[in-house]
Structure formats: C-alpha cells, structure tokens
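Structural characterization, general
The chain contents come next:
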Amino acid sequence: MKRILVATDGSAPAVEAEKFGIELAGESDAVLVFVHVVPLLDVVPAPAFGMTSAYRHEPPEFDRELLDAASRRAAVDGVIAETVLLTGNAVGEIVAYADAHDVDLTVIGTRGHGAVATALLGSVSRGVLHDSTRPVAVVRAVAPVGAEPQKLGLGL
C-alpha cells in the first residue's frame, strides 16, 4: 500500500478513522493524506416569503485546524501526513480525490446513527462506499467505557 486517504470532519468517528489510518500508514510506510470537505455554498433562509439566499462558503479557521490537528496526531506516531481542504459535495470530492491521486485505500468514519436504512453507516460513508471503485475502510467510533449502548431507532 502506497497511499492512504483519511476523510475527516473532526467528529469522534473521524478521529477513530484518523487513528486507524495513522497506524496503517506507519505499518506499511504509506503516504497519508487527510482530507476535509467544506460546502461550496452556505444557504441562509430569508425571513420573508420563505426565500433562501446562497453565499460562497468561506472556510473558517476550524476547517484548517481540524486538518492540522490530524496531522499533529500522525506526527506523534512518526507518520508524516499531507492535508487537503476540498470544496463541494463530500462524497463526490472524496471519491474524485482518491481517483485522481491513485489512492490505495480510503478510510472514513461513521456515526452509525439513524433509522433502519442508516443503522450502521452515515450518509457520507455510505455514499463513498457506493461510489468508490477503490477499497474503502469504514471505521466506527469506539463507545467510551460505561456509555449506554447506542439505540438504532428500532424502538428499543
């Protein structure tokens, strides 16, 4: 394995995916790339007539900081990582980047919440799995010790 892409959004599942990607890159001496996708537009509802306005999204410092934090976590384990901030649809941008940069494995976290249709995978992880022609590893966040089991919307 030569190139591993880890999609991150700073969530607990994404941090678990980062850890997995860092470990795998360290073991296989692969190039590690963290990507974060921001929307192209911000849609703001207008107060009158149910209209909305759209403005070009200006990524706040948070978007760059979460990539820098992932890179610092990798450096602690001796893994050098590249970071890339992408703009657009998360699923499309992650898959397109993996294809354009000959990625051997895409690693993505999943929140695993929702009704029966999304009981195991979030919409972005499900979309990447569906659209990618390359291998994808989906990592689920580890529940903290003593936490209640997650309910899957099944009336449990």
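Note that this is a predicted model, so its numbers are computed, not measured.

**Things to note about the pattern of salt bridges**
- Using the criterion set out here, one finds 6 salt bridges in the structure.
- Between Glu18 and Arg73 there is a salt bridge; the shortest N-O distance is 2.5 Å. Placement of the pair is Glu18 in helix α1 (residues 12-28) and Arg73 in helix α2 (residues 61-76), with a sequence separation of 55 residues.
- The exposure class assigned to Arg73 is partly exposed, which follows from its relative accessible area of 32%.
- With a closest N to O distance of 3.4 Å, Asp102 and Arg134 form a salt bridge. Here Arg134 lies in the loop between α4 (123-131) and β7 (136-140) and Asp102 lies in the loop between α3 (90-100) and β6 (105-110), a separation of 32 residues in the sequence.
- Owing to a relative accessible area of 23%, Arg134 belongs among the partly exposed residues under this scheme.

About the thresholds
Residues numbered from 1 in each chain as written. Predicted model: local features only at pLDDT ≥ 70, side-chain atom pairs only at ≥ 80, totals over all residues. Heavy atoms only, no water. Salt bridge = Lys/Arg side-chain N within 4 Å of Asp/Glu carboxyl O. Helix = DSSP H or I, 4+ residues; strand = E, 2+ residues; numbered from the N terminus. Buried < 20%, exposed > 50% of the residue type's maximum accessible area, 1.4 Å probe, protein only.

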